[in-house]
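Residue-level listing of the chains:
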Amino acid sequence: MDDFLAAALGFPAVLFGFALLVVVGYWLLVLAGGLDPGDHGHAGDLDTGPDGAGHGGPAGLVAAAGLGGVPVSVVLSLLIAVAWFLSLAGTALLADADVPALLWAALSAGVLAGALAGAWAAAWVLVRPLRHLFPDERPPSRLDFVGRVCVIRTGRVGTDFGQAEVTAEDGSTAIVQVRAEPVLPRDGGPEPLHPGEPGLTAGATALIFDYDADGEFFRVAPFDAAPGPEHPAA
């Protein structure tokens, strides 16, 4: 027992030992229901913005190392656990080595490098079958509303004002900010006080054809959603 404690508290095993305590505490909280391992990112393309594109972060770094496809918490746990075990074994082997201090330091650094490399290799092998348990599901994006028909919920829709109700693919509804392109008078008369599409009033249907990420609104155009003769209402 004394030898084990000496190896666990020796360099470099002690570096991964403290990290392993954090990992154990984390998974105890997960088992107790206090945390969801999926909340900390999917090591592939999570951390998305409105356009659904990835922005890097821990998940991006893990994916760049070839360990994507599973939650970051799982990958880091594997890396830390394997690195601790390998560094512990290496530290135990060096414990009885009768070598000069400089050589011992070099060997310890080699154990650290070997533990890191071995942890990556083991995680790379273990992550491959685990990917089947964590299918890559793209998170919802505001761009999913583009191409959908919405119902205007404000008295008008102009270049600076308007809201509409849109139904997502899962059946949920959302009130979104919408804007219409300005319509200039055909007779060259004075421009209207509130330029916009005059047909877009409360209850009218419109087609969402674009999303402005800077302004955080959708561009819409009038759309007649009434069924034609070839598509009678049920």
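All figures in this text were calculated on a predicted structure; none of them were measured in a lab.

Let us now look at the nonpolar core. Among the nonpolar cores identified, the biggest contains 17 residues, and Ile152, Val178 and Val220 are the most heavily contacted of them. Elements that contribute at least two residues to this core include exactly strand E1 (149–152), strand E2 (163–167), strand E3 (173–180), strand E4 (205–212) and strand E5 (217–222). Ignoring any residue separated from it by four or fewer positions in sequence, one finds Val178 in contact with Ile152, Val157, Gly158, Phe161, Gly162, Gln163, Ala164, Phe218 and Val220. Judged by nonpolar contacts, the second largest core, of 12 residues, contains Ala13, Leu88, Ala115 and Ala119.

So, about the sheet that holds E1. If you trace the 5 strands once around the closed barrel, you get E1-E2-E3-E5-E4, paired in mixed fashion. Averaged over all adjacent pairs, the angle separating strand axes in this sheet is 55 degrees, with direction ignored.

On E1, burial follows the alternation: Cys150 and Ile152 on one face are buried, whereas Val149 and Val151 on the facing-out side are not. One ladder, built from 3 bridges, connects E1 with E4; its direction is antiparallel. Bridge pairing in E4 links Cys150 to Ala206. Pairing between E1 and E2: 3 bridges, direction antiparallel. Across the sheet, the residue bridging to Cys150 is Val166, located in E2.

Okay, the packing of helix H2 (residues 13–31) against helix H4 (residues 72–95) next. Packing of H2 against H4 leaves a shortest axis separation of 9 Å and a crossing angle of 145 degrees. Along this stretch, H2 crosses H4, giving a crossing that reads as left-handed. From H2, Ala13, Phe16, Gly17, Ala19, Leu20, Val23, Tyr26 and Trp27 reach across to H4, where they touch Ser73, Val74, Ser77, Ile80, Ala81, Ala83, Trp84, Ser87, Leu88 and Thr91. Of the residues that constitute the contact of H2 with H4, the class distribution is 13 nonpolar, 5 polar and no charged.

All told, the structure shown has 4 aromatic pairs when counted by the stated rule. Judged by centre distance (5.9 Å) and plane angle (65 degrees), the ring pair of Phe145 and Phe218 falls under edge-to-face. Of the two residues, Phe145 is situated in the loop between helix H5 (101–130) and E1 and Phe218 in strand E5; the sequence distance between them amounts to 73 residues. One exposure class covers both Phe145 and Phe218, and it is buried. An aromatic cluster is present here, built from Phe145, Tyr211 and Phe218 joined pairwise through their rings. Of note, Arg179 hangs over the ring of Phe217, and the distance from its end group to the ring centre comes to 5.3 Å.

Before going further, it helps to spend a moment on the side chain of Thr91. Checked against the element boundaries, Thr91 lands in helix H4. Apart from the residues within four sequence positions on either side, Thr91 is in contact with Ala7, Gly10, Phe11, Pro12, Ala13 and Val111.

Once that is clear, we can look at a nonpolar patch on the surface. Taken together, Phe4, Leu5 and Leu9 make up a surface patch of nonpolar side chains, about 300 Å² in accessible area. Along the chain, Phe4 turns up in helix H1 (residues 2–8). Residue class for Phe4 comes out partly exposed when judged on its relative accessible area of 40%.

Take unusual backbone geometry next. At Glu216, a residue that is not glycine, the phi angle is positive and equals roughly 55 degrees. Tracing the backbone through its elements, the reader meets Glu216 in the loop between E4 and E5.

What counts, and where the lines are drawn
Residues numbered from 1 in each chain as written. Predicted model: local features only at pLDDT ≥ 70, side-chain atom pairs only at ≥ 80, totals over all residues. Heavy atoms only, no water. Core = buried A, V, L, I, M, F, W, Y, C linked by side-chain atoms within 4.5 Å. Buried < 20%, exposed > 50% of the residue type's maximum accessible area, 1.4 Å probe, protein only. Helix = DSSP H or I, 4+ residues; strand = E, 2+ residues; numbered from the N terminus. Contact = heavy atoms within 4.5 Å. Pairing = 2+ DSSP bridges. Axes fitted to C-alpha atoms, helices over the stretch in contact; angles between N-to-C directions. Left-handed = near helix turned anticlockwise from the far one by under 90°. Nonpolar A, V, L, I, M, F, W, Y, C, P; charged D, E, K, R; others polar. Phe/Tyr/Trp six-rings, centres within 6.5 Å; stacked < 30°, edge-to-face > 60°. Lys NZ or Arg CZ within 6 Å of the ring centre and 35° of its normal. Patch = residues over 30% accessible without salt bridge, like charges linked within 9 Å, V, L, I, M, F, W, Y side chains within 5 Å. Areas by Shrake-Rupley, 256 points an atom, 1.4 Å probe, with all protein chains shown as cover. Salt bridge = Lys/Arg side-chain N within 4 Å of Asp/Glu carboxyl O.

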